[in-house]
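Understanding the architecture of this molecule
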Amino acid sequence: MRHISSTRIGQVQEVLGAQVTAELDPELAGISPVHEGEIRTIGQVGSLVLIPQGMVDLVAMVESVGLSELSPSDRMPIPFVAAGRRWLRLQVIGEVDRGTRQFTRGIANYPALGDQVHLSSTDDISALFPRSGELRIEIGHLSTAKSVPVTLDVGKLVLRHSAVVGSTGSGKTSVVAALLQRFSNADWPGANVIVIDSHGEYRNTLDEGMSVRSVLGRDQEALPVPFWALPATEILRVFSGVTASATTQKSFANIVEDERREFLAQCDWLDLPRAAVTADTPVPFDLNRAWLRLDSENRETRTDKGDPRTACVISVGDSSTLTPTEYEPNGPGSTPPHQATTYGTHGSVPAALRLGLLDPRLGFMRSTGAETKQDTLAEAIRAWVGGSSPVSVLDFSGVANHVAELAISVVLKLLFETATRSRPSEDSVGRSRPVLVVIEEAHRYLGNDSLEAAKDAVNRIAREGRKYGIGLMLVTQRPSELPDTTLSQCGTLIALRLSNSTDQGRIRQALPDEMRSTTDALSSLRVGEAIVSGEASSFPARVILNTPAPWPRAEDPDISSWRSENSFPDVELALERWRGIYNEEKRKE
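Here is what the cut-offs are and how they apply
- Residues numbered from 1 in each chain as written.
- Predicted model: local features only at pLDDT ≥ 70, side-chain atom pairs only at ≥ 80, totals over all residues.
- Heavy atoms only, no water.
- Axes fitted to C-alpha atoms, helices over the stretch in contact; angles between N-to-C directions.
- Helix = DSSP H or I, 4+ residues; strand = E, 2+ residues; numbered from the N terminus.
- Parallel < 35°, antiparallel > 145°, perpendicular 65-115°, else oblique.
- Left-handed = near helix turned anticlockwise from the far one by under 90°.
- Contact = heavy atoms within 4.5 Å.
- Nonpolar A, V, L, I, M, F, W, Y, C, P; charged D, E, K, R; others polar.
- Pairing = 2+ DSSP bridges.
- Salt bridge = Lys/Arg side-chain N within 4 Å of Asp/Glu carboxyl O.
- Buried < 20%, exposed > 50% of the residue type's maximum accessible area, 1.4 Å probe, protein only.
- Lys, Arg positive; Asp, Glu negative; His and termini not counted.
- Core = buried A, V, L, I, M, F, W, Y, C linked by side-chain atoms within 4.5 Å.
- Phe/Tyr/Trp six-rings, centres within 6.5 Å; stacked < 30°, edge-to-face > 60°.
- pLDDT = per-residue confidence, 0-100.

A few words now on the packing of helix α5 (residues 246-266) against helix α6 (residues 287-299). The geometry of α5 relative to α6 is characterised by a closest axis approach of 10 Å and an angle of 140° between their N-to-C directions. Here α5 lies oblique to α6, going by the angle between them. Handedness of the crossing formed by α5 with α6: right-handed. Residues Ser-251, Phe-252, Ile-255, Asp-258, Glu-259 and Glu-262 of α5 form the contact with α6, whose participating residues are Leu-287, Arg-289, Ala-290, Arg-293, Leu-294 and Glu-297. For the contact of α5 with α6, a count of residues per class yields five nonpolar, one polar and six charged.

This is the structure:
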């Protein structure tokens, strides 16, 4: 029997570019030898081995294992391995300098036939994964080596965009919560992380000092989203809930343009030429007055049909109370009063717009009003980024999908526009203070059926955000519903368990070549285990991710109530919140 070193497990039998086939030593007993006091697995898909080459060690990842006579016919045959012998197929990823212990992606020289293949020790692996430090953050440890932590480069994680994907229950929200908790500690006091929270899951995961703004909040906790930052047609759509005709959209746009210019004439803080203001310029205006004018156009009667000075008014409406103007009914036949030229043009849109203005669920979009003494948009942006808090959660739970999409498009659009106009020397948002935007349920805002305004806002940041200091982290259970262009912009990928074959295929395309074979394990990853790859990761690997403390409100509900005595459900509080009339202070009294 020839001598086998303590780490040698086989030798190279074939080299095909960066793909290498090695035969395991026949004298090697079992697949879990003990080395340096630790049990080391041999042939575990995703594990690392070393191929010494002079003063460097080539680092290779195990892609597949097998017996020669059991080699599937659709794979490359292994004719040089005797029947019954074990083999490994390896993907060479890079090399480690033995002197400096520095890892470099890519290889200068390929291995030769007969070169030895060795187990990688804990020290060998540690050279591939830098420890957490000033610019790196720990996210977990290797699945195959608990003593080796895995860290991410924060700069590349933030500015080169990232995606966290996984099926329901795989641990996506927990992963993000653990990262947020890392950023919220004393090591990152100047962080700027904005979380778009669709289900109100993150409120309980952060310290009391963190900023949480909710659409259902009150006073200091309220989430301000100025409706007037939207284009006129989108304002009409979100508050009326319908898509108006081209004629109505044009009329409303003309009214909004007039109202914005009227605000400009009374404003003390905005120095802008009147002619520069259009229907889509982000200048505040009184939406109630715009409604009253649109409603009047739709119902006005006149003594002289073509002369607006002859309007037959019974009582003048009040925009502050959303009371419409009353007009005399039009006369029979050709007798006055006559219907005005715009009578009935807008159909039921004015009535639907009035109902939207009365809807408490849309109240958060009117919370930042048309103040003439100060810039409420500046205050809204400060609230979005959490003021001095490193993490800001914007809670959109309880809002209709189309409203949430519009509100999120406003937030992202204004953040991006502000960043593009901020200079590096200013303490603003952008290059001087980069912002990471975490979007939960990203497929809701980027899918085929999503609102164009939301898709445009996210895609613009994905394409251009790096240049202006705004990064994205997309969190989704359906990566197949994300546009190819958006996913391709994500430099770092954290892929947890995925059971859908279409989703697996999308991730397989997004992973580098050396990791594609490991996607076969996507459906069998444990809860909290992920394949981590990309620019922020020094080395692609299977990782057991850190868990948050406390946990987000994303765990499965407790079923123990089914064992208790049955009773009528108390739904009054939920209905009050739905209707927008819930008041916690009064409840306490």
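A separate point is the sheet that holds strand β21 (residues 470-476). Sheet architecture is open: 11 strands sit in the order β11-β10-β24-β23-β22-β12-β21-β20-β13-β19-β14, paired in mixed fashion. Each edge of the open sheet is held by one strand with a lone partner, namely β11 (145-153) and β14 (211-214). On average, adjacent strands in this sheet sit at an angle of 25° to one another, irrespective of strand direction. Across four bridges, the pairing between strand β13 (residues 193-197) and strand β20 (residues 435-439) is parallel. Counterpart to Ile-196 in the pairing with β20 is Ile-439.

Another point: the packing of helix α9 (residues 401-420) against helix α11 (residues 452-468). Across the interface, α9 lies against α11 with an axial gap of 9 Å and an inter-helix angle of 25°. By the angle between their axes, α9 is roughly parallel relative to α11. Our pair here, α9 against α11, has a crossing hand that is left-handed. Between α9 and α11, the contacting residues are Glu-405, Ser-409, Leu-412, Lys-413, Phe-416, Glu-417, Ala-419 and Thr-420 on the first element and Ala-453, Ala-454, Ala-457, Val-458, Arg-460, Ile-461, Glu-464, Gly-465 and Tyr-468 on the second. For the contact of α9 with α11, the class distribution of residues is nine nonpolar, three polar and five charged.

Let us look at unusual backbone geometry. One can expect most non-glycine residues to show negative phi and most peptide bonds to be in trans. A cis amide bond, omega -5°, links Pro-336 with the succeeding residue Pro-337. Along the chain, Pro-337 turns up in the loop between β17 (326-327) and β18 (338-339). In the segment running from Ala-549 into Pro-550, the intervening peptide bond is cis, with an omega of 0°. With a phi angle near 60°, Arg-101 is a residue other than glycine that sits in the positive phi range.

Mapped onto the elements, Cys-490 comes out in the loop between α12 (484-488) and β22 (492-495). Spatially, the C-alpha atoms of Cys-490 and Arg-463 are 9.9 Å apart, while their sequence positions differ by 27 residues. Beyond its immediate stretch of four places on either side in the chain, Cys-490 contacts Arg-160, His-161, Ser-162, Ala-163 and Leu-474.

On to the pattern of salt bridges, then. On inspection of all chains with the given rule, the structure shows 22 salt bridges. Its salt-bridge partner being Arg-293, residue Asp-258 comes within 3.2 Å of it at the nearest N-O pair. Highlighted residues: Asp-258 in helix α5 and Arg-293 in helix α6, separated in sequence by 35 residues. With a relative accessible area of 34%, Asp-258 lands in the partly exposed category. Arg-293 sits in the partly exposed class, given a relative accessible area of 35%. Asp-503 is the partner of Arg-478 in a salt bridge, and the nearest nitrogen-oxygen pair spans 2.9 Å.

Bringing the side chain of Glu-441 into the picture now. Tracing the backbone through its elements, the reader meets Glu-441 in the loop between β20 and α10 (443-446). Buried within the structure, Glu-441 lacks any salt-bridge partner; its nearest side chain of opposite charge belongs to Arg-444, at an N-O separation of 6.0 Å. Not counting chain neighbours up to four residues away, the residues in contact with Glu-441 comprise Ser-198, His-199, Val-475 and Gln-477.

What follows deals with the nonpolar core. The biggest cluster of nonpolar side chains holds 82 residues, and the ones touching the most others in it are Phe-239, Phe-252, Trp-384 and Ile-439. Broken down by element, this core gets its largest block of residues, 12 residues, from α9. Aside from chain neighbours lying at most four places away, what touches Ile-439 is Ile-196, Leu-412, Tyr-445, Val-458, Leu-472, Met-473, Leu-474 and Val-475. Among the nonpolar cores identified, the runner-up in size contains 50 residues, and Val-150, Val-158, Trp-188 and Phe-539 belong to it.

Our next topic: the packing of aromatic side chains. The tally for this structure, following the rule as stated, stands at six aromatic pairs. Each ring, one from Phe-103 and one from Phe-539, has its centre 5.1 Å from the other, and the planes form 70°; the classification is edge-to-face. Of this pair, Phe-103 sits in strand β8 (residues 103-105) while Phe-539 sits in the loop between β23 (529-534) and β24 (541-545), and the two are 436 residues apart along the sequence. By relative accessible area, Phe-103 is classed as buried at 17%. Through pairs of rings, three or more aromatic residues link up here, namely Phe-103, Phe-129 and Phe-539.

Residues shown with low pLDDT carry predicted positions that ought not to be read at fine detail. Put simply, the chain has an average pLDDT of 84, and 87% of its residues get 70 or more. Note on residues 71-75: pLDDT under 50 across the span, and five contacts to partners over four residues away in sequence or across chains.

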